[in-house]
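# Observations on chain architecture
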Amino acid sequence: MSPLPPEFFARSAHDVAPELIGVTLLVDGAGGPIVEVEAYDQDDPASHSFRGPTPRNAVMFGPPGVAYVYRSYGIHWCLNFVCDAPGRAEAVLIRAVRPEHGLERMRARRGLERERDLCSGPGKLCQALGVTNEHDGLPLDAPPFELFARTGIPEVASGTRIGLSVAADRVWRYGLAGSPFLSRPLGR
DNA sequence: ATGAAGATGAAT
DNA sequence: TTCATCTTCATC
């Protein structure tokens, strides 16, 4: 497997997102192929970057190819990959990973056995991979992160996001078709 | 200084 | 469907 080229993230999150499906994500050696993602751009009212820069979302406004990690509901961590040029705050939320490497470490962190429950959600995968706010702003091409290009072309399914009136016809979410490791079924 | 909402997950 | 849990950010 070959590392992702550095320029991979230097474009719109909407272009990056579908190509992330099948890319292997490891954090300190634990992880596996990404099976579900969601794209966020600055025109999206649901995006943290919608209302402009704040201390929390600062890294989204910086250079691409770094991690944006935020606290969700005071409980979970969520991992994003920052995309596009500095000043353009786009990112892809990593929503699910197929557990492949470091299974026992992930089980220990999650307190669960079943592989399907290990990384099938943005909060779950951060707990399983040990991602916290300490990873916020870290480059994705250096330890503890490792990203490996996919070897084949997976069958990528897509869906519009639910509950948003804005840009309802746009594709936001992508996943590996038929994967049992998704956070939830893909819509259309 | 204060409060409402939140890119979730697990249990009921 | 409810609730845990607490940071963030807008508003006062």
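Structure first, text after, so check above.
Residues numbered from 1 in each chain as written. Chains lettered and ligands numbered in written order. Predicted model: local features only at pLDDT ≥ 70, side-chain atom pairs only at ≥ 80, totals over all residues. Heavy atoms only, no water.

Let us now look at the packing of aromatic side chains. Under the defined criterion, the tally for this structure stands at 3 aromatic pairs. Where Phe 9 meets Phe 81, the ring centres are 5.5 Å apart and the plane angle is 80 degrees; that geometry is what we call edge-to-face. Taken together, the residues span a long stretch of sequence, with Phe 9 in the segment before helix H1 (13-20) and Phe 81 in strand S4 (residues 76-83) at a distance of 72 residues. Both residues of the pair, Phe 9 and Phe 81, belong to the buried class. Through successive ring pairs, a cluster of aromatic residues spans Phe 8, Phe 9 and Phe 81. (Phe/Tyr/Trp six-rings, centres within 6.5 Å; stacked < 30°, edge-to-face > 60°. Helix = DSSP H or I, 4+ residues; strand = E, 2+ residues; numbered from the N terminus. Buried < 20%, exposed > 50% of the residue type's maximum accessible area, 1.4 Å probe, protein only.)

The subject of this paragraph is the protein's contact with DNA strand B. Taken together, 17 residues form the shell around DNA strand B, and within it His 48, Tyr 70, His 76, Asn 80 and Gly 123 come nearest. At 2.9 Å from a phosphate oxygen of DNA strand B is found a side-chain nitrogen or oxygen belonging to Arg 110. No other element matches helix H3 (residues 122-129), which puts 3 residues into the surface near DNA strand B. In terms of residue class, the surface near DNA strand B is made up of 7 nonpolar, 7 polar and 3 charged. (Near = heavy atom within 4 Å. Polar contact = N/O pair within 3.5 Å; in protein donor to acceptor, adjacent residues only side chain to side chain. Nonpolar A, V, L, I, M, F, W, Y, C, P; charged D, E, K, R; others polar.)

Axis separation between helix H2 (residues 103-110) and H3 bottoms out at 7 Å; the angle between their running directions is 115 degrees. Here H2 and H3 pass one another in a crossing that is right-handed. Taking contact as the criterion, the partners of Met 106, Arg 109 and Arg 110 in H2 are, on H3, Lys 124, Gln 127, Ala 128 and Leu 129. (Axes fitted to C-alpha atoms, helices over the stretch in contact; angles between N-to-C directions. Left-handed = near helix turned anticlockwise from the far one by under 90°. Contact = heavy atoms within 4.5 Å.)

It is worth spelling out the nonpolar core at this point. If you look at the biggest cluster of nonpolar residues, it comprises 36 residues, and the most contacted ones within it are Leu 20, Leu 25 and Ile 94. Tyr 68, Cys 78, Val 82 and Ala 91 belong to the second largest nonpolar core, which has 12 residues in total. (Core = buried A, V, L, I, M, F, W, Y, C linked by side-chain atoms within 4.5 Å.)

Time to look at H2. Taken together, the buried positions of H2 are Met 106, Arg 107 and Arg 110. Taken around the axis of H2, the buried residues stretch over an arc of 100 degrees, which confines them to a single face. What points out from H2, more than 90 degrees from its buried face, is the exposed set Glu 104 and Ala 108. Each element contacted by the buried residues of H2 is listed here: strand S2 (30-40) and H3. One or two steps after H2, the chain reaches Gly 111, where phi turns positive at roughly 70 degrees. (Arc of directions from axis to C-beta.)

Moving on, we come to the protein's contact with DNA strand C. All residues in the neighbourhood of DNA strand C are listed as Arg 51, Thr 54, Pro 55, Arg 56, Tyr 73, Gly 74 and Ile 75. In the interface set of DNA strand C, defined as its atoms within 4 Å of the protein, sugar plus phosphate atoms amount to 70%. Tyr 73 is positioned with one of its backbone polar atoms (N or O) 2.6 Å from a base oxygen of DNA strand C. Classifying every residue of the surface near DNA strand C by side-chain character gives 3 nonpolar, 2 polar and 2 charged.

Another aspect to go through is the environment of Ala 85. Residue placement: Ala 85 occurs in the loop between S4 and strand S5 (90-97). On a C-alpha basis, the gap between Ala 85 and Leu 4 in space is 17 Å, while along the polypeptide they are 81 residues apart.

What follows concerns the pairing of strand S1 (residues 24-27). Of the two faces of S1, the one holding Thr 24 and Leu 26 and the one holding Leu 25 and Val 27 are both buried throughout. Bridge count for S1 against S2 is 4 bridges, and the pairing is antiparallel. Counterpart to Leu 26 in the pairing with S2 is Gly 31. Taking the residues that link successive antiparallel strands as the turn, the S1-S2 hairpin has 2 residues, and the phi of Asp 28 there is positive, at about 50 degrees. Bridge analysis of S1 against strand S6 (residues 145-148) gives 4 bridges, and the strand direction is antiparallel. Within S6, the position partnered with Leu 25 by the bridge is Leu 147. (Pairing = 2+ DSSP bridges.)

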